[in-house]
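# Structural features, examined
The residues making up each chain are set out below.
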Amino acid sequence: MRNLDPNRAKWIRFRMGALLVLVASGFGALASTAWRVQVEEGHAWRAAAEAQSKRKLHVAPKRGTISDRHGTPFAVSIEVPSLSVDVAELLHGVEGQEAQAQALMDAARTLAKPLALDEHDLYQKLSKKKRFQWIKRRLSAEEVAAVQALVDPRKTDPNAKPLKGLSIDGEGQRYYPARTLLGPVLGRVAPDGSGQEGLELALDEELQGHAVEASKGGDDGAHAEDAATGHGIELAIDEGIQHVAEREIEAALKTYETRGASIVVLDPETGEILALASAPGFNPNDFIPTKDDTRLNHAVVDRFEPGSVMKVFTFAAALSKGVLAENEKIYCEHGYYELAGAKIHDTHENDLLTPTQILAKSSNIGTLKIALRLGEPELYGAFRRFGFGEPTGLPVPGESGGILRPRGRPWVEVETATASFGQGIGVTTMQLAMAMGAIANGGKLMEPILVRRVTDARGQTLRENVPHVRREVVPRSVAKTVAEMLTAVVEDGGTGVEAAIPGYRVAGKTATAQKADPATGRYSEDKYIASFVGFVPADKPKVVVAVVLDEPMIGRYGGDLAGPVFRRVAESSLRYLGVTPFKGSAKLADISRKDDVADRALDALRPSPPSTLAPPTDTSFGPPAPGASEVPDLTSLPAREALLRLTKLGLLPEMEGTGRLVRQQPAAGTRVPKGSKVHLVFEPGS
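Small disclaimer: the values here were computed from a predicted structure and weren't measured.

### So, the overall build of the protein
When helices and strands are tallied, the protein shows 24 helices and 27 strands. Within the span of the protein, comprising 686 residues, buried residues form 47% of the whole. Long-range pairs, those at least 24 residues apart, make up 69% of the contacts in the protein with a sequence separation of at least 6. Accessible area for the protein stands at about 34,100 Å²; split by element, carbon and sulfur atoms hold 53% of it.

### Considering unusual backbone geometry
Residue Pro537 is reached from Val536 by a cis peptide bond, and omega for that bond is -10 degrees. The peptide bond linking Gln665 to Pro666 adopts the cis configuration, its omega dihedral lying at 5 degrees. With respect to the secondary-structure elements, Pro666 resides in the loop between β25 (660-665) and β26 (671-673). At Ser362, a residue that is not glycine, the phi angle is positive and equals roughly 55 degrees. Looking at the secondary structure, you find Ser362 in the loop between α15 (355-361) and α16 (364-374). Under the relative-accessibility criterion, Ser362 is labelled buried at 11%. The phi dihedral of Glu551 is positive, around 55 degrees, even though this residue is not glycine. One can find Glu551 in the loop between β22 (543-550) and α21 (558-576).

### Remarks on helix α17 (residues 376-385)
When we look at burial in α17, the residues that qualify are Glu376, Leu379, Tyr380, Gly381, Ala382 and Phe383. Those residues of α17 that are buried lie in contact with α14 (311-321), α16 and α18 (413-420). Among the residues trailing α17, Gly387 stands out with phi positive, at a value near 100 degrees.

### Concerning the sheet that holds strand β10 (residues 260-266)
Overall, antiparallel pairing links the five strands, which are arranged β11-β10-β22-β21-β20 in an open sheet. One side of each edge strand has no neighbouring strand; the edge strands of this open sheet are β11 (273-279) and β20 (507-517). Between one strand axis and the next, the sheet turns through 10 degrees on average, direction left out of account. Taken together, the six bridges between β10 and β11 define a ladder with antiparallel strand orientation. Across the sheet, residue Ile263 finds its bridge partner in β11, namely Ala277. Where helix α20 (residues 476-486) meets the sheet, its contacts fall on β20 and β21 (522-536), and the angle it forms with β20 comes to roughly 80 degrees.

### Thoughts on the side chain of Arg63
With respect to the helices and strands, the residue Arg63 is situated in the loop between β1 (56-59) and β2 (66-67). In terms of polar contacts, Arg63 uses its side chain to reach the backbone carbonyl oxygen of Gly193, at 3.3 Å. Side-chain polar atoms of Arg63 contact the side chain of Asp204, separated by 2.8 Å. Leave out the neighbours within four places in its chain, and Arg63 touches Ser77, Arg174, Val189, Gly193, Gly195, Glu200, Asp204, Leu207, Gln208 and Gly230.

### What to know about the side chain of Gln242
You can see Gln242 is positioned in helix α11 (residues 239-256). Within the structure, the side chain of Gln242 is placed 2.8 Å from the backbone nitrogen of Leu276, a separation counted as a polar contact. Not counting residues up to four positions away in its chain, the partners in contact with Gln242 are Leu181, Leu182, Ile237, Leu274, Ala275, Leu276 and Ala277.

### Focus on the pairing of β20
With 10 bridges joining them, β20 and β21 adopt antiparallel strand pairing. Residue pairing across strands places Lys509 opposite Val533, the latter belonging to β21. Turn length for the β20-β21 hairpin, with the two strands adjacent in sequence and antiparallel, is four residues, and the turn residue Gly521 shows positive phi of about 75 degrees.

### Thoughts on the sheet that holds β25
What links the strands of a sheet is backbone hydrogen bonding, and the strands pair in either a parallel or an antiparallel sense. The three strands are arranged β24-β27-β25 in an open sheet whose pairing can be described as mixed. The open sheet terminates on both sides in strands that have one partner only, identified here as β24 (652-656) and β25. Here the average twist between neighbouring strands, direction ignored, is 30 degrees. Strand direction decides the pairing type here: β24 and strand β27 (residues 677-683), joined by five bridges, are parallel. Across the sheet, residue Pro653 finds its bridge partner in β27, namely Val678.

### Digging into the environment of Asp121
Position of Asp121 among the secondary structure elements: in helix α5 (residues 119-126). Residue classification places Asp121 among the partly exposed positions, given a relative accessible area of 49%. Counting along the chain gives 13 residues from Asp121 to Ala108, while the straight-line C-alpha distance between them is 8.7 Å.

Thresholds applied
Residues numbered from 1 in each chain as written. Predicted model: local features only at pLDDT ≥ 70, side-chain atom pairs only at ≥ 80, totals over all residues. Heavy atoms only, no water. Helix = DSSP H or I, 4+ residues; strand = E, 2+ residues; numbered from the N terminus. Buried < 20%, exposed > 50% of the residue type's maximum accessible area, 1.4 Å probe, protein only. Contact = heavy atoms within 4.5 Å. Areas by Shrake-Rupley, 256 points an atom, 1.4 Å probe, with all protein chains shown as cover. Pairing = 2+ DSSP bridges. Axes fitted to C-alpha atoms, helices over the stretch in contact; angles between N-to-C directions. Polar contact = N/O pair within 3.5 Å; in protein donor to acceptor, adjacent residues only side chain to side chain.

Dropping the structure here:
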C-alpha cells in the first residue's frame, strides 16, 4: 500500500476496519443467540423438539388380578392386539386438500374389507385427522395378519406401497379362566375397561390402577406400565370348595327344577367365606345382554322368609335369658293352636316335647310359646345381635340387609310368635350362614371375610383383612347347648336325617317356608323356600354350610331337598380340608344312602350309555308282587314327567337324549323289582 495514493490507502483501511467490525458483530450475535438457545431457552426448545418427534399416549392401566386363597386366578387381564392410526403420518407427503381426501378414502377402502368395517364410517373417523385414533380394538389373528400385509406389502408385491401411520398395540382384555365359576360374585368388565357388577364393580378403583401419560417411542414405557398396574385381590374363596358348591347347586337346580338357589360355605372361627355360589349363573367372558336373574348374587341380594331355621336363634335367646330350661317339657297343643285369631299348625301332632324335641320335630307351636315367654323386645334384640336386619358388610354391590320390622314398629303378639319360626321377616342366605357360624364357634358373630388381601404390582401387601369379632351374641355355654340340640335334627325322628354324614356329627336345622303371593297378599299354596343350614363336625366345627332352594317344582321340604345338597357339599369340603371321619359314632354308622331319592334323581340326569338289560322273568298277570313295580307306559312324555312317574314307583331311570320319550326298556307293563333300572330314550320333536 506504500505505492498507493494516501487518500486511497486511507479508504481501503477504513473499509477493512468496517468489514472486521461487521464480521465481529456477526460472530458476537451468533454466539449470543447460541447461548440463548442452548442455555437460557434450552429446556423449552428440547420440549418442542420432543413434541414434534414423539406423541403422548394415554396408557390404559392393566387391571389387577383376582385370585383365590391359594393364588389360583379367577380374573386376569391379557394383552390383545388393537389397531390405531396416526393420520398425520398417513398423509405425510400428500399435498392439497383434494389429494389428502382421496388418500383418506383409499385408506378407508383398503382397511374396511379385511377388518369388516363400514367404509363410510371409517372415512369419517380418518377425516378428523387425529394423531391418535383407534381403528378397531381386539383384533383376531386373521385381522392382524391382514393389517401387517398392508403395512409391509413388499413380501407379496415388490412394487406395492405400504400403508403408513398404522400401529398395532397391545390392549388389556379381561379373561376369566374358570368361566362360570364364581361368575355372579366376580361380575364382569365392560369393553371400555370399567367394572360392571360384582367385585369388578365394588373394587373397580383398586383393580383399575392409575392411568399415566407415556411418550410413544420414549424410554419411559416400563415405568408407565408399573405405575398403571392395578392392585391384586386375593379372596378367601377356595376354588376346590367353590367347585363342589357350584356342581351341587347346578345339580339341584336341574333335579328339583328350582327357580334359583344359593350356597354359602364359611369357616366359623375366622368368618372367611370359602364358597359363595348362586344359580342360575353366567359366564363373565361373554359380554352379552342376559337376564338380570342370571347375574345376581342370590346369596346376598335375595331376601326371603327363612322359616324354621330361625327357631335356632329363638332358642339361643331364650336359653341366654334364662326363660327356658334345657330339659323342661312344653305342651304343643296336639299340633293346632290359635293366637289372636291366627291359626297355627304343626306338621306333626305333638303334645309334650322337650326343647331338643321341638327343634328336631320343628314344632311351630312349641317355639312360639318360648318366644312369648321371651317377649318382643328381647326376641327382636336377639335377632339384631345375630346380624339380621342389617347388611353383613361384604364388599359386593346390592347386598340386602333384610327386614325384621316391615312397618318400622314393634311386633304385636302374633307377629312375635310368627317371627320366632321365621314368618313375617326377611333374611339373606349370607345372614343365615353368619348367624349359624356364631352358634358353631361358641357365640361370636364374626365379620365376614371375602377379600383376604390387597397387593400392589410387586406383590407387596397393601391391606389385609384379619378375623374380627363383631360382637358376642350368646354365652359359649348356650351356644354349645344349642349346637348339641341341633344334632337331634339329623338323627332318627328329626326332620333333617337326609343331611347326616357317615363318620361326622352334624348339627343343623331344616326349613320349609311358604312364599308370599303378591297378587293375593296371602301365602302361596305351591311356592316354597326349602333350606338347610348347619355345621360339621358338631363338636369342633370346620365349616358352616347354608343351602337355600327357591321354588322347587319337585318336592318342597327342606330336609328332603336341601338336606342332601348340604350333605354332599359338607362331606366333600371336609375331605378336601383333610378332616378325618370319626369312626366311633354308632348312630351314623347305621345311616344308609342306598335309597337316597336325591342321588337317584341326580344319577338319572347324568348321561350314561345304554345298558344291556336282561329280559324280565316275571311275565305273569295280576297285581305286582310285594317289592315289585309295573313299568308304566311313558311314550311321548317329557323327561320331567317320566322321571316323576318312575321315581314314585321306586324305579331308577336311565335317561338318554332330550325331548320326548320314543323308546323304553323294559317295555310298559313289565314287572320288575323296585330299584330296577329303566332305560329311557328321548328325541326332540320334528
